[in-house]
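Single-letter residue listing:
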Amino acid sequence: YQLSVSTEDELPNIFRDIILALVEKHKQKVVILIDEYDKPILDCITDVSTATTNREILKGFYSVIKASDESVQFAFLTGVSKFTKTSIFSGLNNLHDITLEREFANVCGYTHEDLLHYFAEYLDDVDLDEVKRWYNGYGWDTDEPKVYNPFDVLKFLNSKKYKPYWFESGTPTFLVKLIQEKDYYLPELENITVDESLLSTFDIQDLPIESVLWQTGYLTIKNQFSDEDNCIFYQLYYPNFEVERSLNSVIFRNYFGNNSVSLSVHVSKALRESNFIELEKLFKSLFAGISYQYSEHIKNYEGFYGSVIYAFFKGLGLNCTIEDHTNIGRIDLTLQLREKLYVFEFKMAHHNESPLQQIKTRKYYEKYMNQGKEIYLVGMVFDLNSKNLSVFEWEEV
């Protein structure tokens, strides 16, 4: 703008001087557009000291917008996260948050109609259902159409190859670390229910993992409902196959390191062939490689081992369901392949109960008898001392 302002002053003062100089030069109010307003914090979110310092700098910087109200026609801020107003916008209390407003539910992605209209010339021989499965699914209002990730769509249409383009553009290292620190039960990612206030909570010293996952795009809104007091709740889930597979794959590699990559191929092959002798060896090898960083406390519970296997299967892109409901109980995990179905039950050794016998007694498999698939029952028992698989039993229905 060919302005003359001092750059020796503090940032807020420089920002204020630019606003005032623009108003003086053009005799009209300014419009302020800020993209990635939170980047200086997110870039060091695991370094609390630096993140806190950057937050305080930004708080002073953004307070200039409120202080310059008479000189500002319009201000628009976008970013990944939604920090509490008291933590970063305490001086900017006239913001209007449009994150969950219906009118703006489709501004952050392509609708299916957008895809068909604007990219028609690129869609020859494209399986639209498969594109939707990989890259659609993001939603901020349950009554509005879900949107596609624009980055993924453009990359896919250029190469016509299904890959996790968006996910690979920035691996969520801090998320994996957060999941590890909180001993989070991974299968809960499929069915999280939170209240409205949790989606608005994001601060450096308080990082609710559900809020972080939602705000950073690894979960999205599936359903919205209210209780008798008209309090709003949201059900969250994975937006699409790309995120579901990629996030679990990264988490699983964090459990097992590089050892998991080569074993994945062998486990997939053994499952397709129903080679249980090989599967037992492979699972023992996998659990022997669990990182020492994970607390010994959570290794004492069958839920931990179920969570690990769940993340492993999801990371392979397999169709598995944790705590699968039947009319007489819950299956610990079901795994569906094209022609085969596996029913898994997990136990700790001190329970003195056969997991395979439990499956047969409660007839968990009957839910899937009409699918025409080969059905296999698998019981896995884990030992408290070795922290590994001690019994691996199976049977075909």
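Coordinates for the structure precede this section.
Read on for an overview of the structure. What you see is a predicted model, and the numbers here were worked out from it, not measured in a lab.

**Some words on the environment of phenylalanine 283**
1) Next: Topologically, phenylalanine 283 is positioned in helix H14 (residues 276-288).
2) Next: A relative accessible area of 2% means that phenylalanine 283 is categorised as buried.
3) Next: It is 9.0 Å that separates the C-alpha atoms of phenylalanine 283 and isoleucine 309, two residues lying 26 residues apart in sequence.
4) Next: Not counting the four nearest positions on each side in its chain, phenylalanine 283 is found in contact with Phe313, Met380, Asn388, Leu389 and Phe392.

**Section: helix H7 (residues 150-159)**
1) Next: All of the buried residues in H7 are Asp152, Val153, Phe156 and Leu157. Angularly, the buried residues of H7 cover 120° about the axis, an arc narrow enough to put them on a single face.
2) Next: Of the residues that open H7, the one with a side-chain oxygen 2.9 Å from the backbone nitrogen of phenylalanine 151 is asparagine 149.
3) Next: Just downstream of H7 lies lysine 160, where phi reads positive at about 60°.

**Some words on the sheet that holds strand S3 (residues 192-195)**
Pairing between sheet strands relies on hydrogen bonds along the backbone, with the strands arranged either parallel or antiparallel.
1) Next: Read from one edge of the open sheet, three strands run S3-S5-S4, paired in antiparallel fashion. The two strands at the open ends of the sheet, each matched to only one other strand, are S3 and strand S4 (220-226). Between one strand axis and the next, the sheet turns by 30° as a mean value, whatever way the strands run.
2) Next: Examined bridge by bridge, S4 and strand S5 (residues 232-237) share six bridges and lie antiparallel to one another. Directly across from asparagine 223, in S5, lies its bridge partner glutamine 235.

**What about the packing of aromatic side chains?**
1) Next: Enumeration according to the criterion identifies 28 aromatic pairs in this entry.
2) Next: Their ring planes at 40° and their centres at 6.4 Å tell us that tyrosine 135 and tyrosine 165 sit as a pair that is tilted. One end of the pair, tyrosine 135, is in helix H6 (residues 128-135); the other, tyrosine 165, is in helix H8 (residues 165-168), with 30 residues separating them in the sequence. The same class applies to tyrosine 135 as to tyrosine 165, namely buried.
3) Next: Where phenylalanine 276 meets tyrosine 342, the ring centres are 6.1 Å apart and the plane angle is 65°; that geometry is what we call edge-to-face. Here phenylalanine 276 is found in helix H14, whereas its partner tyrosine 342 is found in strand S8 (residues 340-348), with 66 residues between them in sequence.
4) Next: Assessed through its relative accessible area of 0%, tyrosine 342 is described here as buried.
5) Next: For the cation-ring pair, arginine 133 lies above phenylalanine 241, with the distance from its terminal atom to the ring centre recorded as 4.2 Å.

**What to know about helix H16 (residues 355-362)**
1) Next: All of the buried residues in H16 are Pro355, Leu356, Gln358 and Ile359. For H16, the angular spread of buried residues about the axis comes to 160°, placing them on one side.
2) Next: Looking at the buried positions of H16, the neighbouring elements they touch are S8, strand S9 (374-383) and strand S10 (388-396).

The rules behind each value
- Along every chain, residues carry numbers that run from 1 in the direction the sequence is written.
- Confidence filtering applies because this is a predicted model: local features only for residues at pLDDT of at least 70, side-chain atom pairs given and counted only at 80 or more, and all residues used for totals across whole chains, interfaces and linings.
- Each side-chain value is derived from all of the structure's non-hydrogen atoms; neither hydrogens nor water enter the calculation.
- Here a helix means four or more residues in a row that DSSP labels H or I, a strand means two or more in a row labelled E, and each is numbered from the N terminus.
- Partly exposed describes any residue whose relative accessible area lies between the buried limit of under 20% and the exposed limit of over 50%, with all areas from a 1.4 Å probe on protein chains only and scaled to the type maximum.
- Whether two residues are in contact is decided by their heavy atoms, any of which lying within 4.5 Å being enough.
- Directions are taken from the helix axis to each C-beta atom, and the arc is the one they span.
- Under the rule applied, a polar contact is a pair of N or O atoms within 3.5 Å (in protein, one hydrogen donor and one hydrogen acceptor; residues adjacent in sequence only if both atoms are side-chain atoms).
- Pairs of strands are assigned from DSSP output, requiring at least two bridges between the strands.
- Axis geometry follows a simple rule: fit a line to the C-alpha atoms, using only the stretch in contact for helices, then measure angles between N-to-C directions, giving values from 0 to 180 degrees.
- Stacked, edge-to-face and tilted labels apply to pairs of Phe, Tyr and Trp rings (six-membered ring for Trp) whose centres lie within 6.5 Å, assigned for plane angles under 30 degrees, over 60, and everything in between, in that order.
- To sit over a ring, a charge needs its Lys NZ or Arg CZ within 6 Å of the ring centre and within 35 degrees of the ring normal.

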